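Commentary on secondary and tertiary structure
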Amino acid sequence: MSSTTILDISPFLSQKTQLWKACGIRGLFPLENIPGMISLLAGRPNPSTFPFESITMKLRPTLAGMPESKGNDDPFNVTLEGAVLAEALQYGATAGVPRFIDWLENFQAHVHKRVRDDTWSVTVGSGSQDLMYKACEALVDEGDSILVETPFYPGTLGFLAALPCSLIEVHADGQGLNPANLELILANWETERPGKRPPKLLYTIPSGSNPTGASIPEHRKVDVLRLARKYNLLVLEDDAYAFLYYGPAGKQARSYFALEPDVNAERGRVVRFDSFSKVLSSGMRLGYMTAPPRLATAVNLITSNTNLQPASLTQIMAYTLLSQWGPEGFLAHCVSVAAVYRARRDIFERVARKHLAGLAEWTTPVAGMFLYIKLLVHPEGKEVDSQVLIANKAVARGVLAVPGTAFMPGGGPTPFVRVSFSLIEEADADEAFRRLRGVILEARKEVEMEER
Ligand SMILES: Cc1ncc(COP(=O)(O)O)c(C=O)c1O
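Residues numbered from 1 in each chain as written. Predicted model: local features only at pLDDT ≥ 70, side-chain atom pairs only at ≥ 80, totals over all residues. Heavy atoms only, no water.

Before going further, it helps to examine the sheet that holds strand 15 (residues 402-403). Reading across from one edge, 13-14-16-15 is the order of the 4 strands in this open sheet, with antiparallel pairing throughout. The open sheet terminates on both sides in strands that have one partner only, identified here as strand 13 (360-361) and strand 15. Note that strand 13 and strand 14 (residues 370-375) share 2 bridges and pair antiparallel. From the neighbouring strand, A360 faces strand 14, where its bridge partner is L375. (Pairing = 2+ DSSP bridges. Helix = DSSP H or I, 4+ residues; strand = E, 2+ residues; numbered from the N terminus.)

Spelled out as structure tokens, the structure:
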């Protein structure tokens, strides 16, 4: 461990980070912790005026991961009251509730086998997307180039497209980000883009990608990390579906964050984003960033001047549950959630095969909630753009799906369409694929007529 180097993230930070100043009030909050200090600082509302006396969470009795009831404790009911409720209803720390952060840092150390040290820290956000946006604000300068695994999540695409940078597509395949494609771009950068500053960021979705459903195998991650070191890139690891892994037990690829000390004998090149949206609740809006502290400080400065903090109430709810569960209990819960998605995937794929055999193809996902279906419209295998078929003809037949263009920075033509199996029941999926079959068959006929 002592022989690993620590990447200095400062040169990666944007000029803009210097414009964000400590909030005149929040910047003084830490002084309130000095023993004996009397604080007249914050305009915190008086909690005795709040209408909530207690909030009880009744947990599902079937929940995996819950420890056995101890004594009189009822593990299935948790009541927030008194000082804890007052804290949950009050303004709180910018980076998140300190004991929640402490729990998450222990959890990251446990899951990713990273020693808790001063090379990384956890920051809580209002969902992982909140943190990804702020991290990009803190990292992207005018004229920068960002490498983006393509196709990718339109939520990130939306805010990246609004930043003053160019998006360079690194094409993914059925196994996720392809390091050979990445290397081709990087090795030819100067000849193909003379005078253009080399890219400093790579954005990737390693597990159950949205939209492709693909999960990158560990050997590819190793190659990507080596390239990141060689070409001095930060890796933004958006792992929103990591907890929805339902492939073979014990075979889940280690994260980039876990691998970087081993692969590159280095720490600090990977910025990781986790989300509670898929396993606790998406409405609680909780995610967390694991990043070098200098970047965390920059992100916290943005938070303290914009939305102030993530919601105290949902953090306390999550912390109360997670501290009862412990890391292993939470992971057991995630395994049981993932099993639900695996069962749904199986049913969904069976129905898709029934209607679309020979008319579409896809890679079976081992994580997440999406199939990324390639429509086989042309009899000789030429690619036909899915946009009109999905956005117009499928809608007219009563089936909604996302055309692949939504996931491409250039919006370019693509024969793919994203369909989700997270909610749909078998009978509806059956009917949806029957209708989609009709759309593809009709399009085939049109192509045949045109080519006659
Ligand atoms: C790849 C990816 N990243 C991030 C997010 C946003 O997650 P959160 O709800 O934590 O903001 C999503 C949401 O669907 C996603 O698909």
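Picking up where we left off.
Turning to the site of the ligand, a few remarks are in order. Taken together, 14 residues are adjacent to the ligand, and S128, D238, Y241, S275 and S277 come closest. Contact distances for the ligand include 2.5 Å between an oxygen atom and a side-chain N or O atom of S277. R285 places a side-chain nitrogen or oxygen 2.8 Å from an oxygen atom of the ligand. About the coverage of the ligand: the protein hides 92% of its 390 Å² of free accessible area. Top element by residues in the shell around the ligand is helix 3 (residues 128-139). It accounts for 3 residues. Residues that form the shell around the ligand fall into these classes: 5 nonpolar, 6 polar and 3 charged. (Near = heavy atom within 4 Å. Polar contact = N/O pair within 3.5 Å; in protein donor to acceptor, adjacent residues only side chain to side chain. Areas by Shrake-Rupley, 256 points an atom, 1.4 Å probe, with all protein chains shown as cover. Nonpolar A, V, L, I, M, F, W, Y, C, P; charged D, E, K, R; others polar.)

Trans is the common state for peptide bonds, and a negative phi is the common state for residues other than glycine. With an omega dihedral of 5°, the bond running from T150 to P151 counts as a cis peptide bond. Following N210, the chain continues to P211 via a peptide bond in cis, the omega torsion being 25°. Topologically, P211 is positioned in the loop between strand 8 (201-204) and helix 7 (218-230). A positive phi angle, close to 50°, is found at K113, a residue other than glycine. Turning to its location among the elements, K113 is positioned in the loop between helix 2 (98-112) and strand 4 (121-125). The backbone phi angle of N232 is positive, close to 55°, even though this residue is not glycine. The residue N232 is located in the loop between helix 7 and strand 9 (234-238) in this model.

Taking 1.5 Å of rise per residue, the 26 residues of helix 12 (residues 426-451) would be expected to cover 38 Å, and the 37 Å separating its terminal C-alpha atoms lies within 8% of that figure. The complete set of buried residues in helix 12 reads A429, A432, F433, L436, G438, V439, I440, A443 and V447. Those residues of helix 12 hidden inside the fold are in contact with helix 10 (312-356), strand 14, helix 11 (387-396) and strand 16 (416-420). (Expected span 1.5 Å × (residues − 1). Buried < 20%, exposed > 50% of the residue type's maximum accessible area, 1.4 Å probe, protein only. Contact = heavy atoms within 4.5 Å.)

UniProt feature "domain: Aminotransferase class I/classII large" (unreviewed entry): in the numbering of this structure it lies at residues 90-436. Between the first and last C-alpha atoms of residues 90-436 the distance is 50 Å; the span itself is 43% helix and 17% strand. (UniProt positions renumbered as here; feature names shortened; annotations may be inferred.)

Using the criterion set out here, one finds 30 salt bridges in the structure. One salt bridge connects E87 with R99, and the closest N-O pair in it is separated by 2.9 Å. Placement of E87 in helix 1 (residues 82-88) and of R99 in helix 2 is noted, with a sequence separation of 12 residues between them. The class for E87 is partly exposed, based on a relative accessible area of 30%. Members of the salt-bridge network, linked through shared partners, are D141, D144, R197 and K200. (Salt bridge = Lys/Arg side-chain N within 4 Å of Asp/Glu carboxyl O.)

Below, the discussion takes up helix 9 (residues 293-305). The end-to-end C-alpha separation of helix 9 is 18 Å, in line with the 18 Å expected for 13 residues at 1.5 Å each. Those residues of helix 9 that sit buried are L295, A296, A298, V299, N300, I302, T303 and S304. The inward-facing, buried residues of helix 9 abut strand 4, helix 3, strand 11 (270-275) and strand 12 (287-291).

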